[in-house]
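The primary structure of each chain is shown beneath.
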Protein chains: 2
Amino acid sequence: MNITIEDIRNKLIEKGLKITPQRISILQAVYVLNNHPTADNIIEYIREAHSNIATGTVYKVLDTLVENQLIRKVKTDRDIMRYDGIMEKHHHLYCSTCDLIEDYIDEELDNILSEYL
Amino acid sequence: MNITIEDIRNKLIEKGLKITPQRISILQAVYVLNNHPTADNIIEYIREAHSNIATGTVYKVLDTLVENQLIRKVKTDRDIMRYDGIMEKHHHLYCSTCDLIEDYIDEELDNILSEYL
DNA sequence: TATTAAAAAAGAATAATTCTCATTTAAGAA
DNA sequence: TTCTTAAATGAGAATTATTCTTTTTTAATA
């Protein structure tokens with residue numbers, strides 16, 4: 001979770017994406033708001049930090065980041081899309097009552113599955 | 001897939017639900033439109049069969065059916081909810097490009113998973 | 001057949017997301 | 001450094017799946 005602005009810039013550069021303050025803020029927000037934030041969580045977080053941002057931009061940038069495999073979409077029972085900055089293979093434990101998502105990493109399970117399939 | 005109206009009535013009765021033409025049509029539509037239909041698919045199908053139905057009713061009935069475990073909600077990459085009338089344990093193979101969902105039944109896999117967890 | 005709680009109709013309201021288009025900006029070229 | 005331009009952003013309207021509200025209808029029981 002110790003990701004610097006420089007790390008974020010590099011991630012964007014690796015993908016051949018233009019470096020913009022909006023993209024940096026949004027990617028940083030996904031990392032900081034670590035419980036699988038919604039677009040709205042991200043907008044709120046960025047606006048608190050005194051920079052304005054258009055909602056359309058947030059959705060656009062999130063799509064770009066998903067396309068470039070810097071983040072992932074996470075769907076839940078509610079019809080709000082959520083985002084995940086952790087790209088290493090993992091599962092989610094989801095509580096549909098409180099809408100909480102917990103990361104679940106289990107290499108043994110992954111091995112069993114990949115051997116079987 | 002040979003489910004009669006009588007079967008559907010019985011399913012509703014088992015759950016203690018009032019028998020209404022709308023509920024019968026909707027449950028039937030979920031069975032007939034077997035590739036995990038959306039609420040809209042169901043509305044279209046029912047209206048083709050010459051009976052009108054309010055969209056609100058379809059959503060309400062679908063919720064009732066889900067609550068009573070007669071059908072299941074299926075989430076995909078798109079933000080449209082889809083419904084599944086097959087209640088036996090199964091997985092889904094999903095193509096995010098064409099949005100097609102295929103049922104995947106594999107008891108051996110299920111056993112491996114339930115033994116592991 | 002009468003009663004009544006539940007269900008449905010109709011359509012307005014909501015809210016997440018997308019779209020449009022004018023403006024701005026990042027990044028490479030000169 | 002300044003210029004150029006394709007790409008990105010801002011602003012807010014538009015879209016669309018879903019929910020909500022209110023009135024009317026109906027299924028099930030007495």
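Below: a short report on this structure. (Residues numbered from 1 in each chain as written. Chains lettered and ligands numbered in written order. Predicted model: local features only at pLDDT ≥ 70, side-chain atom pairs only at ≥ 80, totals over all residues. Heavy atoms only, no water.)

Some remarks on the protein's contact with DNA strand C
1) Next: Ile19(A), Tyr59(A), Thr20(B), Gln22(B) and Thr57(B) are the nearest of the 18 residues found near DNA strand C.
2) Next: A share of 82% is what sugar and phosphate atoms reach among the atoms of DNA strand C within 4 Å of the protein.
3) Next: Between a phosphate oxygen of DNA strand C and a side-chain N or O atom of Asn52(B), the distance comes to 3.4 Å.
4) Next: Of the residues belonging to the surface near DNA strand C, the class tally is eight nonpolar, five polar and five charged. (Near = heavy atom within 4 Å. Polar contact = N/O pair within 3.5 Å; in protein donor to acceptor, adjacent residues only side chain to side chain. Nonpolar A, V, L, I, M, F, W, Y, C, P; charged D, E, K, R; others polar.)

Some words on unusual backbone geometry
1) Next: One non-glycine residue, Gln69(A), lies in the positive phi region at around 55 degrees.
2) Next: Secondary-structure assignment places Gln69(A) in the loop between helix H4 (55–67) and strand S1 (72–74).
3) Next: Of the residues examined, Gln69(A) reaches a relative accessible area of 57% and is grouped as exposed.
4) Next: For Asp99(B), which is not a glycine, the phi torsion comes out positive at approximately 65 degrees. (Helix = DSSP H or I, 4+ residues; strand = E, 2+ residues; numbered from the N terminus. Buried < 20%, exposed > 50% of the residue type's maximum accessible area, 1.4 Å probe, protein only.)

A few points about the protein's contact with DNA strand D
1) Next: Surrounding DNA strand D, one finds 18 residues, the nearest of these being Thr20(A), Arg23(A), Thr57(A), Ile19(B) and Tyr59(B).
2) Next: A share of 79% of the atoms of DNA strand D within 4 Å of the protein falls on sugar and phosphate groups.
3) Next: Backbone polar atom of Ile19(B) to a phosphate oxygen of DNA strand D: 2.7 Å apart, as the coordinates give it.
4) Next: Tyr59(B) has a polar side-chain atom sitting 2.6 Å from a phosphate oxygen of DNA strand D.
5) Next: Contributing elements (two or more residues each) for the surface near DNA strand D: helix H2 (21–32) and H4 of chain A together with helix H4 (55–67) of chain B.
6) Next: Of the residues in the surface near DNA strand D, the class split is nine nonpolar, five polar and four charged.

Quick look at the relation of the copies chain B and chain A
1) Next: When chain B is brought onto chain A, the operation consists of a screw motion whose angular component is 178 degrees and whose axial shift is 0.0 Å, with 0.1 Å RMSD remaining. The superposition operator between the copies reduces to a two-fold rotation axis.
2) Next: Interface overlap between copies is the fraction of interface residues in one copy that are interface residues in the other; for chain B against chain A it reaches 100%, indicating a shared surface. (Least-squares fit on C-alpha atoms with pLDDT ≥ 70 in both. Contact = heavy atoms within 4.5 Å.)

A word on the interface of chain B and chain A
1) Next: At the interface, twelve residues of chain B touch twelve residues of chain A.
2) Next: Summed over the shared surface of chain B and chain A, the result is zero salt bridges.
3) Next: Taken together, the connections running from chain B to chain A amount to two residue pairs in polar contact (both at pLDDT 80 or more).
4) Next: In terms of residues, the side of chain B that touches chain A owes the most to one element, helix H5 (residues 107–116) of chain B, which gives five residues.
5) Next: Here the residues of the side of chain B that touches chain A are counted per class, giving seven nonpolar, one polar and four charged. (Salt bridge = Lys/Arg side-chain N within 4 Å of Asp/Glu carboxyl O.)

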